[in-house]
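# Topology and contacts: notes
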Amino acid sequence: MSSSGGKIVGYSLVGFFGGIILFVHGLSAFRLKRLIENTPTSKVRSAAVGLVEVFGVAVPCEGKLSSPFSKKDCVYYKYSIEEYRHSGKSSRWVTLKSGECRSQFYVEDDTGKILVNPNEARIEIPIDSEYNSGNGNDPPECVLEFLSQNGISHEGFFGWNKRMRFREYFIEPGDSIYVMGIADISQDSAGSANGSENLMIHKGANNKTFYISDQPEKKILSELGGKILWGVFGGAVLSVGCLAIIMMYFGWI
Amino acid sequence: MSTGTDLLLFTGAAFVLIAVVVYFVSIFNGLAMLKNNIGKSWANIDVLLTQRADELPNLVSTVKGYMAHEQKTLQAVTDARAALMNARTVGEKAGVDKDTTEAVKTLYAVAENYPDLKANQSFLKLQDRITGIENEIADRREFYNDSVTAYNIRIQSIPDIVVATALRYRPEELFKAEEGKRQVVEVKI
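Residues numbered from 1 in each chain as written. Chains lettered and ligands numbered in written order. Predicted model: local features only at pLDDT ≥ 70, side-chain atom pairs only at ≥ 80, totals over all residues.

What follows concerns the overall build of chain A. A tally of helices and strands in chain A yields three helices and 13 strands. At 23 Å, chain A has a C-alpha radius of gyration far larger than the 18 Å of a compact globule built from 253 residues. Expressed as lengths along the three principal axes of its C-alpha atoms, the size of chain A is roughly 70 × 55 × 25 Å. Within chain A, residue pairs in contact and separated by at least 24 positions form 72% of the contacts whose partners lie at least 6 positions apart. (Helix = DSSP H or I, 4+ residues; strand = E, 2+ residues; numbered from the N terminus. Rg over C-alpha atoms; globule rule 2.2 N^0.38 Å. Contact = placed C-beta atoms within 7 Å.)

Right, dumping it as structure tokens:
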């Protein structure tokens, strides 16, 4: 097998298995979409034990967190520091450091508030702030402070800035928030003024669905629709296509 | 056809088959979940209806001493409670729930004319408790009706109708008072 032939087979194999992974993700998105469609949104006051879907605003519970770069008050944050690296003819973003912090918070609607323990939740929120550095472009002060605290250098040879990007995702107090998870009796909760005062939404032992987003339900469903289309159809086409390339290469078809 | 082409066709067919199986399993599970949701949300309403019905005799006995001349108002609350206890179907319960809410509202309005009653702590506590229960009933009724609507739409849509027909799923009743079904059972206090 020649070097270029080996590459074709290698990439096709990656494509084949990547397609299967995409396909499985598409089916998983389909399952979640159906579950969201089938579960009506509960008012917090009338939330009952079991799978619930609530929509309201995030309210801090046990002290606020502070986002790592922009120092915004929040109840959840996630960040990543990436560097753009060249390797031969190819180049890609490499993650140097990433992390997240979750704290319990309340979801409040016009009928009350209910405690949410976001541990193990699938949290999908868009990027809230992104900073970049590169030639002639220093990272902002807030990012420099974080980099020096964590021993990460933004400078390369001769003190030139590396091409880097710094992304931050967070849920601020007052952000609209959608939560689907298992409501259960909890000792920790004591904030709701109404029937949900003893409940906490968390990841259930049997039902694994625990999803948090700062988008309204309609937008979540539309985004999941896109994922299903790309995952199920795109994944299947990619896998079969890559398999066809491998077979053609070996002359099996 | 070569073995390679067969394998390719087999792989393509496997993807299609898996997608179709997952799709129909999700329809089946979705319908089962919707049906269970209806049962669960109805049970949650029923609990609250019972809790409110349990509080009504306390309310009547608390206000009776102050509102001796308001027999008609008190009778309406008692009648509504009795009708609630006798109601069996969702439609019947929805009808008498509305009657009960109206009877209690009238009682609160009449109570405004009795300053001593308005200052009575037991009455105020009961009023708060019953109002809280009624608010919860309203929220849960909305949730129940949303569940029923989602289910009824699903079982009449293609392709869910195929699975629903095979499972003999029938449309469910909304928690909504229908004029023809509203009836008040007369009970003497």
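Now, onward.
Take the overall build of chain B next. For chain B, the helix and strand inventory stands at six helices and zero strands. Reading the secondary structure of chain B in the N-to-C direction produces α-α-α-α-α-α. Compactness check: chain B gives a C-alpha radius of gyration of 26 Å against a globular reference of 16 Å for 189 residues, more than 25% above the reference. The C-alpha extent of chain B, read off along each of the three principal axes, is 95 × 30 × 20 Å. The burial tally for chain B puts 28% of its 189 residues in the buried class. (Buried ≥ 20, exposed ≤ 12 C-beta atoms within 10 Å, placed from the backbone.)

Attention now moves to the domain arrangement of chain A. Residues and elements named next belong to chain A. On domain assignment, one finds that chain A holds domain 1 (1-38 + 216-253) and domain 2 (42-215). The straight-line distance from the C-alpha centre of domain 1 to that of domain 2 is 28 Å. Tallying the contact residues gives seven residues for domain 1 and nine residues for domain 2. Of all elements in the fold, only α1 (3-38) and α3 (217-249) reach the threshold of two or more residues within the side of domain 1 that touches domain 2. Here the side of domain 1 that touches domain 2 is built from residues that sort into five nonpolar, no polar and two charged. (Domains from an automatic or database assignment. Nonpolar A, V, L, I, M, F, W, Y, C, P; charged D, E, K, R; others polar.)

With that settled, the discussion passes to the nonpolar core. One recurring pattern in soluble globular proteins: nonpolar side chains tend to sit buried together. Among the nonpolar cores identified, the biggest contains 38 residues, and A:Val107, A:Ile114, A:Val116, A:Val179 and A:Ile201 are the most heavily contacted of them. Contributions of two or more residues to this core are made by β1 (50-60), β4 (76-87), β6 (105-109), β7 (112-116), α2 (141-149), β10 (164-171), β11 (176-185) and β12 (199-202) of chain A. Per-element accounting of this core gives the leading share, six residues, to β11(A). Judged by nonpolar contacts, the second largest core, of 31 residues, contains B:Ile45, B:Leu49, B:Val90 and B:Ala164. (Core = buried A, V, L, I, M, F, W, Y, C linked by C-beta atoms within 7 Å.)

Bringing the interface of chain B and chain A into the picture now. Opposite the 24 residues of chain B that make contact, chain A presents 24 residues. Those elements giving two or more residues to the side of chain B that touches chain A turn out to be α1 (3-64) and α5 (121-155) of chain B. In terms of residues, the side of chain B that touches chain A owes the most to one element, α1(B), which gives 15 residues. Looking at side-chain class alone, the side of chain B that touches chain A contains eight nonpolar, eleven polar and five charged residues.

Residues and elements named next belong to chain A. Spatially, β5-β4-β10-β9 is the arrangement adopted by the four strands of the open sheet, whose pairing is antiparallel. Two strands in the sheet have a free side with no partner beyond their single neighbour: β5 (90-102) and β9 (129-133). Mean inter-strand twist for the sheet, computed between neighbouring axes without regard to direction, equals 15 degrees. In this sheet, β10 lies alongside β4 in antiparallel orientation, the contact comprising eight bridges. Paired with Glu-83 across the two strands is Met-164, which belongs to β10. (Pairing = 2+ DSSP bridges. Axes fitted to C-alpha atoms, helices over the stretch in contact; angles between N-to-C directions.)

The subject of this paragraph is helix α2 (residues 71-86) of chain B. Residues and elements named next belong to chain B. Taking 1.5 Å of rise per residue, the 16 residues of α2 would be expected to cover 22 Å, and the 22 Å separating its terminal C-alpha atoms lies within 8% of that figure. Among the residues of α2, those classed as buried are Leu-74, Val-77, Asp-79, Ala-80, Arg-81, Ala-83 and Leu-84. In this structure, the buried side of α2 is in contact with α1 and α3 (90-111). (Expected span 1.5 Å × (residues − 1).)

Attention now moves to the packing of α1(A) against α1(B). Where α1(A) meets α1(B), the closest approach of the two axes is 10 Å, and the angle between their N-to-C directions is 20 degrees. One finds that α1(A) runs roughly parallel with respect to α1(B). Like other packed secondary-structure pairs, α1(A) and α1(B) cross with a definite hand, here right-handed. Residue-level inspection shows A:Phe23, A:Leu27, A:Phe30, A:Arg31, A:Arg34 and A:Asn38 of α1(A) in contact with α1(B), the latter providing B:Phe15, B:Val22, B:Ser26, B:Gly30, B:Met33 and B:Leu34. Grouping the amino acids of the contact of α1(A) with α1(B) by side-chain chemistry returns seven nonpolar, three polar and two charged. (Parallel < 35°, antiparallel > 145°, perpendicular 65-115°, else oblique. Left-handed = near helix turned anticlockwise from the far one by under 90°.)

Take the pairing of β10(A) next. All names here are of chain A. When you tally the buried positions in β10, you get six out of eight residues, the bulk of the element. Of the strand pairs in this sheet, β9 and β10 are connected by five bridges, and their pairing is antiparallel. By the bridge assignment for β10, Tyr-131 is matched with Phe-166.

Moving on, we get to unusual backbone geometry. Residue B:Pro159 is reached from B:Ile158 by a cis peptide bond, and omega for that bond is 5 degrees. Considering the arrangement of structural elements, one finds B:Pro159 in the loop between α5 and α6 (160-166). The phi dihedral of A:Glu120 falls on the positive side, at around 70 degrees, and the residue is not glycine. Tracing the backbone shows A:Glu120 in the loop between β7 and β8 (122-124). You will see that B:Arg168, though not glycine, has its phi angle at about 55 degrees, which is positive. By the secondary structure assignment, B:Arg168 is in the segment after α6. For B:Arg168, a count of 6 C-beta atoms within 10 Å corresponds to the exposed category.

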